[in-house]
Amino acid sequence: ESLSSQSSEQVNALVEEKNAIEAKLIEISAQIEAVTAENQALVEQKSTLAEEKESLSSELKAVMEANVNAETRIETIVSEKAMLESAIVTLEASVSEMQSQIKTLEEENESSTQTLDAANEELENLQSE
């Protein structure tokens, strides 16, 4: 009987050890499922971040191209401004020259008018004699 009782205790001990191992396996399986779910979430997050990165890269490229275009346009405008300023200086010089010519013509006209008036007066004097 002691042998049977000893065997029975060993069997009970083995059953308890088996139950403990099974409980541990269930716990480990649950941890594996949790880690797998977390890993899947991270994979999805990585995919989302990759898409966002691609989108931001495209936006950055578009902004950089727009910036280059704006810089080119600014250079063109600056060049056009310089040409217009030069044209204004040239026009101002032409206006000044024309004003000088007008003044000279007015002076010549005044002199001619005086000469003509004097000649008319002399002609009238000659005719009245």
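Residues numbered from 1 in each chain as written. Predicted model: local features only at pLDDT ≥ 70, side-chain atom pairs only at ≥ 80, totals over all residues. Heavy atoms only, no water.

Once that is clear, we can look at the pattern of salt bridges. As a working rule, side chains carrying opposite charge can pair if their charged atoms are close by. Per the counting criterion, the structure on display carries three salt bridges. Across the pair E85 and K81 runs a salt bridge whose closest N-O atoms are separated by 3.7 Å. Of this pair, E85 and K81 both sit in helix α1 (residues 2–128), separated by four residues, roughly a single helical turn. Relative accessible area serves as the criterion here: at 42%, E85 is assigned to the partly exposed category. (Salt bridge = Lys/Arg side-chain N within 4 Å of Asp/Glu carboxyl O. Helix = DSSP H or I, 4+ residues; strand = E, 2+ residues; numbered from the N terminus. Buried < 20%, exposed > 50% of the residue type's maximum accessible area, 1.4 Å probe, protein only.)

Structurally, K53 can be placed in helix α1. Assessed through its relative accessible area of 60%, K53 is described here as exposed. Separated by 12 residues in sequence, K53 and E65 have C-alpha atoms that sit 18 Å apart.

On the surface, E110, D117, E121, E122 and E124 cluster together into a negatively charged patch. With respect to the helices and strands, E122 occurs in helix α1. (Patch = residues over 30% accessible without salt bridge, like charges linked within 9 Å, V, L, I, M, F, W, Y side chains within 5 Å. Areas by Shrake-Rupley, 256 points an atom, 1.4 Å probe, with all protein chains shown as cover. Lys, Arg positive; Asp, Glu negative; His and termini not counted. Charge placed at Lys NZ, Arg CZ, Asp CG, Glu CD.)

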